[in-house]
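# Per-entry structural report
In case you want the letters, here they are:
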Number of protein chains: 2
Amino acid sequence: MNRILNFSAGPAVLPVEVLSKAGAEIVDYHGYGLSVMEMSHRSKAYSDIQDETEQLLRKLMNIPDNYHVLFLQGGASTQFAMIPLNLMNKNHTADYLITGSWASKAQEEGARYGDARIVASSKDKTYTYIPKTTKADYNPDADYVHICTNNTIYGTRISPDNLPDVGALDLVADMSSNILSEVYDVNKFALIYAGAQKNMGPAGVTIVIIRDDLLGNAMECTPTMLDYKIHADNGSLYNTPPCYNIYICKLVYEWLDKLGGVSAIEEINKVKAQKLYDYIDNSNFYHGTAEKEYRSLMNVPFICNNDELNAEFVKQATARGLQNLKGHRTVGGMRASIYNAMSMEGIDTLISFMQEFAKQNG
Amino acid sequence: MNRILNFSAGPAVLPVEVLSKAGAEIVDYHGYGLSVMEMSHRSKAYSDIQDETEQLLRKLMNIPDNYHVLFLQGGASTQFAMIPLNLMNKNHTADYLITGSWASKAQEEGARYGDARIVASSKDKTYTYIPKTTKADYNPDADYVHICTNNTIYGTRISPDNLPDVGALDLVADMSSNILSEVYDVNKFALIYAGAQKNMGPAGVTIVIIRDDLLGNAMECTPTMLDYKIHADNGSLYNTPPCYNIYICKLVYEWLDKLGGVSAIEEINKVKAQKLYDYIDNSNFYHGTAEKEYRSLMNVPFICNNDELNAEFVKQATARGLQNLKGHRTVGGMRASIYNAMSMEGIDTLISFMQEFAKQNG
């Protein structure tokens, strides 16, 4: 078995234990005589899986009872529409903090259904920082405030102790690329959403954690399948859910739970990221592109002094099995995505290679 | 390895060869050193998979070049909204043929966006037949005519030689439960859609085959992710697609292609279904619930003389490894779903059990 070190921004590395387990039971799940892919979504065997998946996520994130956990389809991009369609129906206005191109896409989609006001944006500096805001910056009539807690492309984050002060307003967060990476207090949010394909499982399932009182206010034009209440009322079984994708999430949650949960992985993630940032900062060869105060624990963009070196770095790294390190075209250089499933050894191997490359080219 | 005979209506049985192959390469796909679940959707390795999946489907269904093949999320239920949102924007009226509860749900969703006229319905007899219509029954101004080619719950179908004569109108078909089971001429349709979880793969991917001229007419309120043109323009990569689900479809398409394609499986399916229907009709113990003329090749509902016998049948069959035979509550009795991946031996085993049960209880 050959395994690369996969620094992909997403879909991303999964724990090899999870993949092996899934492989071992793909033809015959727990003696039931069929694959999870072949189970009726109305069967006891499958509903046990989905229930356990939800319970594990509730445990891992300490999700209060007054929140529903939904397993949906369509990715975060579908949430960009579902959020205004369901939540922007009181004052028809919402506030958006623009910290990257995905936050910007969310705002653009919101603007199709009401007044999606831009509170602040870091576009002026290619989203290398998080704009500072105060409570006074937010519209007290906003139906919600939308933020993105981790900006995959630019390597910035809004950490749990740096959430904007939005007073009594409903905070909605896209956590696609840092959910389960550190402890956020769910109570501070009205709605959290995340595509699975970074820290949870395969692409094709989107987790939505929504406070119960927000259900039932969808706009008239909302497609049935885009109404949160429909899914909440039916335990995410209004129609056939992406059963196998949910099952893989369950295996990932089990892996994380055994490891000690989110607080345990947070410690590991902080050590992993700090190692890499410290090396970059002390290297005199590499340069981190995000402002230090706002650095992501999940995505570490860095550059060499010129584009030829960047290209050569990616090429040589790839040949050595350190793959998918090419940065997003809007930032250039490299990006190491170091999600929960990226091991400490993976970070050490990356740093060793960076040292070697710097020595040869410095 | 224990394998039941899985007569589930969906998600449903998949070829064991497909599952074994997926299991064997789940940790390391073709020496790439990662799982298909872990691949960036922008990587060459993944885009090759998606391209091959599309090419195989085009080959299997003989899809003309002026049709796009889209890999979407949200199941057929999301299509119930996407179709009117994208296609009911000229005359704001469409015709629906109601042949089951799913067709009815499609019509109800359509009615939220325009005049979704019911051309005919077989609800009067619990959808046990397909209403006969003539060209004169259809509104010449209809933006489309919606049909469901196979009614999973009731075991009826609109066979390729029994498609309604809708003249020059655009025919839209939900083929979720009989796509790839027999040869339909794609040219006769404007749009074909199908959730994967019966004849193609795991739940979580929906195939849409759409004639190019229908793109670009979405209503103003259409969420970006529900606009066919967005997905067509981006090769189903506008956002992260359900990559692993698509990959399993590829394996199923390869399996079907090796077997000789749709015309070959059609012959097998006809023999499988005929065996079962012939036995039922000659048994004097079981009774098929659908009218003979409209019988499905995929779903075979049948009943014993009373509910106690039905319950006992399901119980004993389950104990013998013939599972998920309980009929839908609206029909009662039993339903054997015999999709492409159900083997001839599976049918023979079912008939043997039915004979034995009839003998003991007749």
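### A look at the overall build of chain A
Counting its regular elements, chain A contains 9 helices and 14 strands. Here chain A has a C-alpha radius of gyration of 21 Å; the compact-globule value for 362 residues is 21 Å, and the two agree. If one aligns the C-alpha atoms of chain A with their principal axes, the spans along those axes are about 60 × 60 × 30 Å. A burial count over chain A gives 54% of its 362 residues as buried. Restricting to contacts in chain A with at least 6 residues of sequence separation, those with at least 24 account for 69%.

### Some words on the domain arrangement of chain A
Residue and element names in this part refer to chain A. Annotation of chain A at the domain level lists domain 1 (24-259) and domain 2 (260-361). Between the C-alpha centres of domain 1 and domain 2 there is a distance of 27 Å. On the domain 2 side, the residues contacting the 24 residues of domain 1 number 25 residues. Elements with a minimum of two residues in the side of domain 1 that touches domain 2: α2 (44-61), β7 (156-157) and α6 (243-259). No other element matches the 3 residues that α6 contributes to the side of domain 1 that touches domain 2. Each residue belonging to the side of domain 1 that touches domain 2 can be placed in one class, and the counts come to 10 nonpolar, 10 polar and 4 charged.

### Some remarks on the relation of the copies chain B and chain A
For the pair chain B and chain A, the best superposition has an RMSD of 0.0 Å and corresponds to a rotation of 180° with a translation of 0.0 Å parallel to the axis. The superposition operator between the copies reduces to a two-fold rotation axis. Measuring from the rotation axis to each C-alpha of chain B, the shortest distance belongs to Gly23 of chain B, at 2.2 Å. The fraction of interface residues of chain B whose copies in chain A are also interface residues reaches 98%, indicating that both copies meet through the same surface.

### Observations regarding the sheet that holds strand β12 (residues 299-303) of chain A
Residue and element names in this part refer to chain A. Overall, antiparallel pairing links the 3 strands, which are arranged β11-β12-β14 in an open sheet. Across the chains shown, the open sheet's two edge strands, defined by having one partner strand only, are β11 (287-288) and β14 (334-337). Two elements, β11 and β12, share 2 bridges in a ladder whose sense is antiparallel. Bridge pairing in β12 links Gly288 to Phe302. Packing of helix α7 (residues 261-283) onto the sheet brings it into contact with β11, β12 and β14, and relative to β12 it is tilted by some 10°.

### Thoughts on the packing of helix α1 (residues 16-24) of chain A against α6 of chain A
Residue and element names in this part refer to chain A. Relative to each other, α1 and α6 sit at 135°, their axes nearing to 9 Å. By the criterion of interaxial angle, the relationship of α1 to α6 is oblique. Between α1 and α6 lies a crossing of right-handed hand. Mapping the contact onto sequence places Glu17, Val18, Lys21 and Ala22 in α1 and Ile248, Leu251, Val252 and Trp255 in α6. For the contact of α1 with α6, a count of residues per class yields 6 nonpolar, no polar and 2 charged.

### Side note on the nonpolar core
Leu191 of chain A together with Leu191 of chain B are the most contacted members of the largest nonpolar core, which totals 235 residues. Residue contacts for Leu191 of chain A: discarding those within four places in its chain leaves Ile83, Val172, Val208, Ile209, Ile210, Arg211 and Leu214 of chain A.

### Considering the pairing of strand β10 (residues 206-211) of chain B
Residue and element names in this part refer to chain B. Burial analysis of β10 places 5 of its 6 residues in the buried class, which makes it a mostly covered element. Where strand β2 (residues 67-72) and β10 come together, 6 bridges link them in antiparallel fashion. Residue pairing across strands places Val69 opposite Ile209, the latter belonging to β10. Relative to β10, strand β9 (residues 191-195) runs antiparallel, the two sharing 5 bridges. Along β10, the bridge assignment pairs Ile192 with Ile209.

### Examining helix α7 (residues 261-283) of chain B
Each α-helix winds once per 3.6 residues, and so residues spaced three or four apart point in a common direction. All names here are of chain B. Taking 1.5 Å of rise per residue, 23 residues should cover 33 Å, and α7 covers 33 Å from first to last C-alpha, within 8% of that figure. On its buried face, α7 sits against α2 (44-61), α6 (243-259), β11 (287-288), β12 (299-303), β14 (334-337) and α9 (344-361). Just downstream of α7 lies Asn284, where phi reads positive at about 60°.

### Considering the interface of chain B and chain A
It is common to give the size of an interface as the accessible area lost on bringing the parts into contact. Counting from both sides, the interface comprises 55 residues of chain B and, opposite them, 54 residues of chain A. Among the elements of the structure, α1 (16-24), α3 (75-87) and α6 of chain B are those that each provide at least two residues to the side of chain B that touches chain A. The leading source of residues in the side of chain B that touches chain A is α1 of chain B, at 5 residues. In terms of residue class, the side of chain B that touches chain A is built from 26 nonpolar, 25 polar and 4 charged.

### Side note on α1 of chain B
Residues and elements named next belong to chain B. Along α1, the residues that are buried comprise Val18, Leu19 and Ala22. Taken down its axis, α1 places every buried residue within 95° of arc, on the same side. Elements in contact with the buried residues of α1: α6.

### Observations regarding the sheet that holds β14 of chain B
Residue and element names in this part refer to chain B. The strand order across the open sheet built from 3 strands is β11-β12-β14, with neighbouring strands paired in antiparallel fashion. Of all the strands in the sheet, the pair left with one neighbour each is β11 and β14. Strands β11, β12 and β14 of the sheet are contacted by α7, whose axis makes an angle of about 10° with β12.

### Topic: the pairing of strand β8 (residues 171-174) of chain B
All names here are of chain B. Along β8, one buried face is formed by Leu171 and Ala173 and the opposite face, lined by Val172 and Asp174, is buried too. By the bridge criterion, 4 bridges tie strand β5 (residues 145-148) to β8 in an arrangement that is parallel. Each bridged residue has a counterpart across the sheet, and for His146 the counterpart in β8 is Val172. Across 3 bridges, the pairing between β8 and β9 is parallel. Residue pairing across strands places Ala173 opposite Ile192, the latter belonging to β9.

### Quick look at the packing of α7 of chain A against helix α9 (residues 344-361) of chain A
Residues and elements named next belong to chain A. At a minimum axis distance of 10 Å, the contact between α7 and α9 shows a crossing angle of 5°. Classed by the angle they form, the pair α7 and α9 counts as roughly parallel. The residues of α9 that touch α7, namely those facing Ile268, Lys272, Lys275, Leu276, Tyr279 and Ser283, are Met344, Ile347, Ile351, Met354 and Ala358. Taken together, the residues of the contact of α7 with α9 sort by class into 8 nonpolar, 1 polar and 2 charged.

### As for unusual backbone geometry
Cis peptide bonds are those with omega within 30 degrees of zero, and the linkage from Gly10 of chain A to Pro11 of chain A qualifies with -10°. By secondary structure assignment, the location of Pro11 of chain A is in the loop between β1 (5-6) and α1. At His30 of chain B, a residue that is not glycine, the phi angle is positive and equals roughly 50°. Note on placement: His30 of chain B falls in the loop between α1 and α2. Using a count of 10 C-beta atoms within 10 Å as the deciding quantity, one classes His30 of chain B as exposed. In this model, Asn284 of chain B sits at a positive phi of 60°, which is unusual for a non-glycine residue. Secondary-structure assignment places Asn284 of chain B in the loop between α7 and β11.

Conventions adopted
- Residues numbered from 1 in each chain as written.
- Chains lettered and ligands numbered in written order.
- Predicted model: local features only at pLDDT ≥ 70, side-chain atom pairs only at ≥ 80, totals over all residues.
- Helix = DSSP H or I, 4+ residues; strand = E, 2+ residues; numbered from the N terminus.
- Rg over C-alpha atoms; globule rule 2.2 N^0.38 Å.
- Buried ≥ 20, exposed ≤ 12 C-beta atoms within 10 Å, placed from the backbone.
- Contact = placed C-beta atoms within 7 Å.
- Domains from an automatic or database assignment.
- Nonpolar A, V, L, I, M, F, W, Y, C, P; charged D, E, K, R; others polar.
- Least-squares fit on C-alpha atoms with pLDDT ≥ 70 in both.
- Pairing = 2+ DSSP bridges.
- Axes fitted to C-alpha atoms, helices over the stretch in contact; angles between N-to-C directions.
- Parallel < 35°, antiparallel > 145°, perpendicular 65-115°, else oblique.
- Left-handed = near helix turned anticlockwise from the far one by under 90°.
- Core = buried A, V, L, I, M, F, W, Y, C linked by C-beta atoms within 7 Å.
- Expected span 1.5 Å × (residues − 1).
- Arc of directions from axis to C-beta.

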